[in-house]
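# An overview of the molecular structure
One letter stands for each residue in the lines below.
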Amino acid sequence: MKYFIKTAASITHQNSFDQENLWKNLTPLSEEHSLQAPDYKVYISPASLRRLSPVLRMGIALAKQCQARIKEEIDAISVGTALGCLADTEKFLVNILTATSDTLSPTAFIQSTHNTIAGQISLELGNHSYNMTHTQNALSFEMALIDAMLCYGDGKQATLVGAADEAIEFLKILQPFVIQDQFPLTSGATLFVLGEKEHTGVCFVDCALMLQNENMEDIIFRFLQKNQLSDHDIDCAFYAGIKTTLNFRESIEFLQYTGLYYSASAFATHMAHDWLIKQGKKYALVINNVCGNQVGLTLLARE
Amino acid sequence: MNVYVTGCGVVSSIGLNVDEMYRALLAQKTGIKQGLNDFSTRFKVGEIDLTNQGLIDRFHLRTNGSRTSLLGMAAAKEAFDGHLLSNEIKTGLISGTSVGGMDVSEKEYHNFLKREKHDVSKYKDHPSGTTTEQIAMELGINDFVNTISTACSSAANAIMMGARMLKSGRLDRVVVGGTDSLTKFTISGFRSLMIFDEEWCRPFDETRKGLNLGEGAGFIVLETERSMQISGSSPMARLTGWSNASDAYHQTASSPDGAGAVLSMKQALAVAGLEPNQIDYINAHGTATPNNDLSESTAIKRIFGETPPPFSSTKSYTGHTLAASGGIEAVIAILSLQNGVLFPNLNHQTPIAETGLIPVKNVVLGQSIKHVLSNSFGFGGNNSTIILSAVE
């Protein structure tokens, strides 16, 4: 089955917001970089803006942009996040662990649950549809995507799907023991709309998650075989975590562009989408092995 | 395609397995009492009387992890007991949790703030996804491992996601449910919202003030017919309906007209192909907050009319176990189907003035119960309904 993409939008440390094709501006992250946030006032009221953390701002702005770009009303929402609303979680932790009085402001707690991102999207859009939040470490985006594929299969016409994560200073303390330090810690969010009408010509073909209990090449090869393809058919592989010796026509390590956040494969998928269009090529594969023990494989095709 | 339930497991303050919980439900014995931990001692909570080491010993756990993980392992192991892993049956685990390993991180982060010995390796247990990976490791499941985090509707959504994975043919069998441990983080959070009752909670009562928190885990095993032919499992119930909808009203409060709840119940009935009058029992979300119970009552009346089927909130026994509640309550729904029994809503005296609905107040035996509807509503206006039905 083909799951067509109607639109894609990202806010990252790249100049990615509202770009017709990401590849006009993409460069590997240099020493100096920061989140390239849009003017949020265009999307969010000043009163809301004050209390919203970066991950919530990114989610709402992207969702509004996606909704504005399509004719249909979004009829399902599936968001992945690896670590959720870290800024508000930390803020509330500090509040409760240092509080001297018995009364606490609930705002940070209210906004700390993982599904605040998707929940705020439903609130800001006034959207009553299916609303799901998946959190599976580095495979959170792929989980959200599989759910979106199920929605598509159920006949949904405009499924909003993607992932968002935010970095906080505290994460640096966890390097390199809990979090790898090969790439800079970054924040980022990407949302797609899936639907069969008025699409970009690029579709998801398959998404699979494997426990890496065997040779990586074998895992990828079997996945491609299931889709009647071989490694030679892949015009570009966007990979992270492991470089394979398979014969892809081209391959790009994506963390050098995204920086490290655990749902960065969502932006890599947006990169792959735009790459296929810009290069006029057929197949791209996103190989997400950011967490060593598991691998996510996402196959995209341009029709 | 039918989705069958072939196993269930539970740990909560009213029992460390399904049998213990069933006996407590019949005896109308609540698990809510004064807390045992420094962060819970001032409050009435549904806490489990075992330390983490106690849980490991009691349930012979091989995998270590956060308390949320350990509770999940205990319940998931009971649910999966007797189910053999097989290459022919693609088996997954989908678990819901709201705060994952927060019980570990809040202690370690406190050390960090106090500039005491700070062991960063502890945070490995923090991510919600990791709690599910640890439960999967304990069960030996590795075909598909996913975590849903939609606050208090997490387990119901995990059950729903499992059913959809079976229907789409991506999995043959899936262990679904949720787990959450009590933490200082959540107790402080609900207190900051001022929806915390310092006395025993009174769902659907005019004098209700708020919720009591609890901890626990509840899991069920879903299988397709094909999977059951290979596994030889026998069905104890069917999962016939499911739905999730957004209230899109407020980040924490439910809409006065129960818009999201009406949508989720209506759509779940449509998935099950049932009319409202075919529902024999509603296990309500019923947190005992002024806002939820009024909104849910209004929604129930909008779907079922002036005389809805018997309903109750069993959170008066377990406390609100957050992400686990949909899993624990799915097991309660199955007990209701299997035994033809309606479980009461403890501590109820006066109906809510606006709706006048009276929940089940005593154990009612000898009922013919074919379809049970179970609601779970979460922060962010996340409304979910599942329907469990008797095996035909």
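Scroll up for the structure.
Residues numbered from 1 in each chain as written. Chains lettered and ligands numbered in written order. Predicted model: local features only at pLDDT ≥ 70, side-chain atom pairs only at ≥ 80, totals over all residues. Heavy atoms only, no water.

## Notes on the side chain of Asp231 of chain A
Residue and element names in this part refer to chain A. Rules: Note on conventions: DSSP H or I runs of at least 4 residues are helices, E runs of at least 2 residues are strands, and numbering of each starts at the N terminus. A simple rule labels every residue: compare its accessible area, found with a 1.4 Å probe on the protein chains alone, to the largest value its type can have, and call it buried under 20%, exposed over 50%, or partly exposed in between. A positive count includes Lys and Arg, and a negative count includes Asp and Glu. His and the chain ends are not counted in either. A pairing counts as a salt bridge when a side-chain nitrogen of Lys or Arg comes within 4 Å of a carboxyl oxygen of Asp or Glu. Pairing of N or O atoms within 3.5 Å defines a polar contact, subject to two protein rules: one partner must be a possible hydrogen donor and the other a possible acceptor, and residues neighboring in sequence count only if both atoms are side-chain atoms. Contact criterion: two residues are considered in contact whenever any of their non-hydrogen atoms come within 4.5 Å of each other.
Among the structural elements, Asp231 can be located in the loop between helix 7 (216–226) and strand 7 (236–240). Buried charge Asp231 goes without a salt bridge, the closest partner of opposite sign being Arg249 at 9.2 Å. At 2.9 Å, the side chain of Asp231 and the backbone nitrogen of Asn247 are in polar contact. In this structure Asp231 touches Phe221, Leu224, Leu246, Asn247 and Phe248, once residues within four positions along its chain are discounted.

## Quick notes on unusual backbone geometry
Going from Gln175 of chain A to Pro176 of chain A, the amide bond is cis rather than trans, its omega being -5°. Take Pro176 of chain A: it is sitting in the loop between strand 4 (159–165) and strand 5 (188–194). The residue Ala151 of chain B is not glycine, and still its phi comes out positive at about 55°. As for its position among the elements, Ala151 of chain B is in the loop between strand 5 (144–148) and helix 6 (154–167). Classification of Ala151 of chain B as buried rests on a relative accessible area of 4%.

## Regarding helix 6 (residues 140–153) of chain A
Residues and elements named next belong to chain A. Formally: Between the first and last residue of a helix there are one fewer steps than residues, each counted as 1.5 Å, and that sum is the expected span.
Over its 14 residues, helix 6 extends 20 Å from the first C-alpha to the last, a length consistent with the 20 Å expected when each residue adds 1.5 Å. For helix 6, the tally of buried residues reaches 13 of 14 residues, placing the bulk of the element in the interior. Just downstream of helix 6 lies Gly155, where phi reads positive at about 100°.

## A few points about the interface of chain A and chain B
Selection criterion: Buried area: the sum, over both parts, of the accessible surface (1.4 Å probe) that disappears when the two are put together. The nonpolar class holds Ala, Val, Leu, Ile, Met, Phe, Trp, Tyr, Cys and Pro. Asp, Glu, Lys and Arg form the charged class, and all remaining residues, Gly among them, are polar.
Facing 56 residues of chain A, the contacting portion of chain B comprises 59 residues. Summed over both sides, the interface of chain A with chain B buries roughly 4,700 Å², with 63% coming from carbon and sulfur. Of all residues in chain A, Leu97, Phe109 and His128 of chain A bury the most surface against chain B, accounting for 13% of the area lost on that side. On inspection of chain A and its partner chain B, the count reaches 2 salt bridges. Here chain A and chain B share 19 residue pairs in polar contact (both at pLDDT 80 or more) between them. Mapped onto the side of chain A that touches chain B, the elements with two or more residues apiece are helix 3 (86–98), helix 4 (107–110), helix 5 (116–125), strand 3 (130–134), helix 6 and strand 6 (202–211) of chain A. Among the elements that take part in the side of chain A that touches chain B, helix 3 of chain A stands out by supplying 8 residues, more than any other. Grouping the amino acids of the side of chain A that touches chain B by side-chain chemistry returns 27 nonpolar, 24 polar and 5 charged.

Structural measurements only, silent on function.
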